[in-house]
Amino acid sequence: MKRIYYHFFTILTILCVACNDPSPMTNADFTSSGVSWQLAQWRKEHISELHYDLNFYIPASRTESVTGKVTISFEAKNSDDIIIDFRQTQEHISTIRANGNICDIILQNEHIIIPATHIVEGENHIAIEFTAGDQSINRNDEFLYTLLVPDRARTLFPCFDQPNLKAHFKLSLDIPEEWQAVSNTSIVEQHSLLGRRHISFGTTEPLSTYLFSFVAGDLDSRTYDDGTHRFTAYYRETDPKRLAQLDTIFAQVAASLEWLEEYTGIEYPFAKYDLIILPGFQYGGMEHTGATLYNDTQMFLGEHPTLDEQLRRIELIAHETAHMWFGDYVTMAWFDDVWTKEVFANYFAARITEPLFPDINHRLNFMKNYVQRALSEDRTLGTTSIRQPLDNLQNAGLIYGNIIYNKAPVMMEKLVEIMGEENFQKGIREYLREYAYDNATWEDLIAILDRWSDADLAAFSDVWVNQKAMPHIYLSANGKTLNIEQRDPYNRDIVWPQSFACGIIDKQGCYTTAEITLYGRHTSIELPTDIAFTLPNVDGRGYGLFLPDDNSRRWMIDNWHTISDDTAREALAMVLKENYEIGAITDKEWLDMLIRGIECERNPLIISTLCSYLAEPLRALECDTEQEYLLDMANRHPVTSCRQQLIRTLCSCATSTTVTDALYDIWHKANHRLLSIGDYMNLAYELSLRYPERYDYIVEVQQSRISNNDRRRQFDYIIRGASPDIDTQRQLFEELLEAENRSIEPWAATLLSLLNHPLREAHAVEYITPALNELTEVQRTGDIFFPRNWAGAALGNHRSIEAYREVERFFEANPEYHPLLKNKILQAAHPLYRLHGGQK
């Protein structure tokens with residue numbers, strides 16, 4: 001076949017030169033691996049009216065290959081070569097027919113080349129029989145599901161794998177007779193024969209390839225029908241108490257649909273809305289039209305869920321439902337704008353949640369969900385802009401992170417504040433109407449929103465969307481004058497326009513607030529009395545590193561918890577967290593402040609924030625007295641969720657013998673009413689590390705408590721990482737370096753984290769370099785969040801100078817390392833750089 005290819009290439013090159021019409025095959029950017037921007041643009045201009053007719057044969061045994069056939073129909077602008085994406089070896093292709101004629105199999109750098117001699121101007125049909133790759137099928141013994149975002153459709157079947165070539169999909173599946181199947185549209189025909197079931201699904205609306213999906217396996221189901229909405233949930237959960245939560249899940253899906261229909265003025269734009277709740281699913285959810293996938297731990301909560309967990313579930317449901325309009329109905333043209341679908345999903349998820357939880361302080365919850373998470377990445381050396389350049393879709397997964405998911409909604413909130421709510425809604429409705437079932441860019445959206453605003457939205461966007469990092473905002477007082485100055489930490493002369501409130505305590509101890517409009521580098525305001533202390537960003541609307549003067553910071557450390565306003569307490573805790581991160585607050589000061597705050601706090605959301613801050617100072621100080629005090633609070637605090645969260649925090653941080661013994665007693669008795677089966681599994685992992693002599697006993701007892709087969713598989717996979725035998729640990733690490741052993745990514749990341757547990761830090765340093773060496777392959781074979789999770793599991797528990805030096809040596813040995821992948825390492829290694837940055 002190689003001789004045939006080169007002979008053809010020579011003839012084709014001569015012909016192309018003769019007619020002065022460059023062929024796609026002569027452009028190296030077109031046939032490089034992945035999907036280059038140049039190839040995607042050429043195909044967008046030359047291919048239209050795209051349809052896929054797909055059939056898959058799925059064996060009952062996961063060891064047997066899935067085979068398939070696809071007929072790709074399209075209109076060609078002219079009779080050029082056609083480049084089809086398929087990231088498999090040539091052995092995975094059985095036959096190719098173009099317009100009825102058999103073609104030679106020409107596979108180059110993950111692309112099938114169909115020569116121009118087989119292509120006609122106008123309507124074309126290419127039929128390919130193939131063996132599907134396993135990477136994106138996610139096969140388990142009793143079920144499988146496809147997950148094709150961002151560019152994984154080409155690992156499953158030959159296609160034009162780019163978001164701006166939307167297509168109609170028609171699917172048929174041949175599956176074991178006892179299995180069920182779900183896809184983007186409803187079943188239109190099915191029949192059984194000889195132990196197999198053949199299922200045909202209806203044709204989809206125009207979809208990008210990453211939104212095509214199917215699930216097949218041993219699934220139970222329940223249907224909801226309120227007369228307006230009808231949808232079905234498919235699941236593998238067996239616990240009756242968890243299944244009782246389906247009523248809540250159904251109601252929240254219906255409420256999300258109704259809110260979005262009313263806000264957008266557009267009825268649900270797809271054939272159906274079903275949801276599939278799966279164990280081990282890589283993400284919280286994935287917005288496939290008609291077949292939205294969810295992680296079971298996010299949907300089926302414990303018997304006593306915290307308020308955080310309840311809010312997280314509705315926000316997840318609302319997020320995925322918002323994607324039906326923002327991402328599925330109107331889709332970004334290229335994955336550099338993937339954030340545009342995520343910003344709407346999270347921004348509207350917050351809005352949808354408000355009427356369903358009317359008693360919650362939603363300003364506070366927005367800060368906790370979005371601002372806090374955005375800061376956690378923006379403070380690192382691996383921070384990025386919201387919009388990031390992307391030359392090839394094979395790197396699209398590296399764009400995902402806290403910046404696009406959480407900083408983008410912060411930006412959007414500021415944009416709405418500038419425009420006004422009513423004008424923003426009008427602009428959004430116009431955007432959806434104009435780009436219905438089509439693709440759009442951020443510039444397209446801004447152009448529409450500009451028509452509804454007098455502000456310079458393009459200039460606002462350039463700073464907040466296209467530039468990385470956050471402002472450093474300095475506050476100082478001189479008599480009655482409050483001075484606010486913002487600085488760019490990268491010295492680019494950038495100004496982030498925003499407004500926020502500052503708390504002011506005067507010399508008489510009176511408290512008031514002042515509105516700050518910081519649209520330039522500096523502003524000053526005059527107050528009626530002399531200023532004693534300045535409390536930054538008390539309404540949480542501001543974004544950045546707020547740096548008060550030393551006296552104000554000291555007052556905040558000692559007194560922030562006495563402020564009556566919940567929003568201000570949350571906001572000031574977050575301000576102080578960032579000051580702790582830069583070393584302006586010591587570990588002891590920080591831990592004492594957190595303990596005082598938790599002791600007197602009654603708002604469960606603020607308590608959750610404070611508990612999430614405990615791990616770092618507890619680890620730095622290894623202080624028995626403070627740990628034992630927290631254990632005492634876990635037994636007596638009046639807020640139920642506080643007791644739960646303190647136990648969970650101590651589970652991962654405990655070094656005190658008294659605390660560890662108490663946690664073992666809780667695990668052994670297994671009757672703590674606030675803990676779930678997941679909590680007991682986590683206790684088993686952590687206690688096995690602290691009591692290595694009891695490892696076998698802990699494993700045996702915990703296994704006997706788990707009745708659900710999927711949870712048992714999860715436990716059996718992860719608990720191996722708690723083995724006390726160092727040779728076993730090293731063998732497990734070596735196994736994780738093989739892609740087939742990390743196919744269920746959340747489990748693999750947890751296993752790797754156990755191997756790098758703080759209690760094993762001294763010898764686990766040896767895993768750092770090989771784990772980082774594997775990161776490129778993890779990115780190639782894994783899903784979008786796995787590179788960051790892998791880096792986090794490998795580095796997140798390390799604090800030693802030796803670990804820091806390992807990371808530095810890795811960068812020195814790889815000076816041309818991909819910048820997007822380097823950012824993931826820098827984000828994960830933030831604790832190391834915070835402690836040792838600049839040291840050799």
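Residues numbered from 1 in each chain as written. Predicted model: local features only at pLDDT ≥ 70, side-chain atom pairs only at ≥ 80, totals over all residues. Heavy atoms only, no water.

## So, the sheet that holds strand β23 (residues 481-487)
With respect to topology, four strands assemble into an open sheet ordered β26-β23-β22-β28, the strand pairing being mixed. Single-partner strands in this sheet number two, and they are β26 (522-526) and β28 (545-547). Taking each pair of neighbouring strands and ignoring which way they run, the sheet shows an average axis angle of 20 degrees. Pairing analysis gives seven bridges linking strand β22 (residues 472-478) to β23, with the strands arranged antiparallel. (Pairing = 2+ DSSP bridges. Helix = DSSP H or I, 4+ residues; strand = E, 2+ residues; numbered from the N terminus. Axes fitted to C-alpha atoms, helices over the stretch in contact; angles between N-to-C directions.)

## Comments concerning the nonpolar core
Y52, F56, F157 and F424 are the most contacted members of the largest nonpolar core, which totals 288 residues. Those residues in contact with Y52 that lie beyond four places of it in its chain are V70, T71, I72, F157, P158, C159, F160, A167, H168, F169, K170 and T209. By size, the runner-up hydrophobic cluster in this structure holds six residues, among which are L39, W42, I83 and I106. (Core = buried A, V, L, I, M, F, W, Y, C linked by side-chain atoms within 4.5 Å. Buried < 20%, exposed > 50% of the residue type's maximum accessible area, 1.4 Å probe, protein only. Contact = heavy atoms within 4.5 Å.)

## Some thoughts on a negative patch on the surface
The grouping of E177, E178, D218 and D220 at the surface amounts to a negative patch. Tracing the backbone through its elements, the reader meets D218 in the loop between β14 (214-217) and β15 (220-225). (Patch = residues over 30% accessible without salt bridge, like charges linked within 9 Å, V, L, I, M, F, W, Y side chains within 5 Å. Areas by Shrake-Rupley, 256 points an atom, 1.4 Å probe, with all protein chains shown as cover. Salt bridge = Lys/Arg side-chain N within 4 Å of Asp/Glu carboxyl O. Lys, Arg positive; Asp, Glu negative; His and termini not counted. Charge placed at Lys NZ, Arg CZ, Asp CG, Glu CD.)

## Considering empty space enclosed by the protein
To locate leftover empty space, one rolls a probe as large as a water molecule over the atoms. As enumerated under the stated definition, the model contains six cavities of 30 Å³ or more in all. Looking at the largest cavity, it is lined by 13 residues, and the ones nearest its centre are V371, L375, N537, A571 and M574. For the lining of the largest cavity, the secondary-structure elements that each account for two or more residues are α10 (362-378) and α16 (566-581). Broken down by element, the residue count for the lining of the largest cavity peaks at four residues, all from α16. Along the walls of the second largest cavity sit 14 residues, with R152, G397, Q779, G782 and I784 positioned nearest its centre. Split into classes, the residues belonging to the lining of the second largest cavity amount to six nonpolar, five polar and three charged. (1 Å grid on protein atoms, 1.4 Å probe; cavity = no way out; pocket = protein on both sides within 12 Å on 5 of 7 lines; lining within 4 Å. Points joined across faces, edges and corners; volume = space filled by probe spheres on them. Nonpolar A, V, L, I, M, F, W, Y, C, P; charged D, E, K, R; others polar.)

## Some remarks on helix α8 (residues 307-322)
When the terminal C-alpha atoms of α8 are compared, their 22 Å separation across 16 residues agrees well with the 22 Å that a helix rising 1.5 Å per residue should span. For α8, the buried fraction is high: 14 of the 16 residues fall into the buried class. (Expected span 1.5 Å × (residues − 1).)

## Re the layout of surface pockets
If you add up the space inside the second largest pocket, you get close to 720 Å³. Looking at the second largest pocket, it is lined by 28 residues, and the ones nearest its centre are D134, Q135, A739, E740 and S743. Top element by residues in the lining of the second largest pocket is helix α30 (residues 775-781). It accounts for three residues. Of the residues in the lining of the second largest pocket, the class split is five nonpolar, 12 polar and 11 charged.

## Description of the packing of aromatic side chains
Counted under the stated rule, the structure contains 56 aromatic pairs. Consider the rings of Y224 and F231, whose centres lie 4.9 Å apart with planes at 20 degrees: the pair is stacked. Neither Y224 nor F231 differs from the other in exposure class; each is buried. Ring centres of F366 and Y370 lie 4.9 Å apart, and the angle between their planes is 70 degrees; on these two criteria the pair is classed as edge-to-face. Here the residue F366 and the residue Y370 both occupy positions in helix α10, the gap between them amounting to four residues, near one helical turn. Considered together, F366 and Y370 belong to a single accessibility category, that of buried residues. Three or more aromatic residues link up through ring pairs in this structure, and these residues are Y224, F231, F250, Y268, F270, Y273, W325, Y329 and Y437. Stacked on the ring of W667, the Lys or Arg R705 has its end atom at 4.6 Å from the ring centre. It is R742 that lies over the ring of W790; its NZ or CZ is 5.4 Å from the centre. (Phe/Tyr/Trp six-rings, centres within 6.5 Å; stacked < 30°, edge-to-face > 60°. Lys NZ or Arg CZ within 6 Å of the ring centre and 35° of its normal.)

## Digging into the confidence of the model for the protein chain
With 97% of its residues at a pLDDT of at least 70, the protein chain reaches an overall mean of 95. Taken as a whole, residues 1-21 scores under 50 in pLDDT and shows 17 contacts with residues more than four places along the chain or in a different chain. (pLDDT = per-residue confidence, 0-100.)

## Points about the pattern of salt bridges
Under the defined criterion, the tally for this structure stands at 59 salt bridges. For R62, the salt bridge is made with D141, and the minimal N-O distance between the two is 3.5 Å. Of the two residues, R62 is situated in the loop between β1 (47-57) and β2 (67-76) and D141 in the loop between β8 (122-131) and β9 (143-145); the sequence distance between them amounts to 79 residues. Take R62: its relative accessible area is 37%, and that puts it in the partly exposed class. By sharing partners, the salt bridges in this structure join R379, K577, E578, E581 and R834 into a single network.

## Thoughts on the sheet that holds β15
Strand order in the open sheet formed by five strands is β15-β16-β17-β19-β18, and the pairing between neighbours is mixed. With partners counted over all chains shown, the strands left at the sheet margins are β15 and β18 (285-286), one partner each. Against the sheet, helix α6 (residues 246-264) touches β15, β16 (230-235) and β17 (275-278), its axis set at about 135 degrees to β16. Lying on the sheet, α8 is in contact with β18 and β19 (292-295); it crosses β19 at an angle near 160 degrees.

## Considering the packing of helix α17 (residues 587-600) against helix α20 (residues 624-636)
Relative orientation of the contacting elements α17 and α20 amounts to 15 degrees, with a least axis distance of 11 Å. Viewed along their axes, α17 and α20 adopt a mutual orientation that is roughly parallel. Between α17 and α20 lies a crossing of left-handed hand. Residues K588, L591, D592, I595, I598 and E599 of α17 touch α20, and the partners they reach there are E626, Y629, L630, M633 and R636. Its residues assigned to classes, the contact of α17 with α20 shows six nonpolar, no polar and five charged. (Parallel < 35°, antiparallel > 145°, perpendicular 65-115°, else oblique. Left-handed = near helix turned anticlockwise from the far one by under 90°.)

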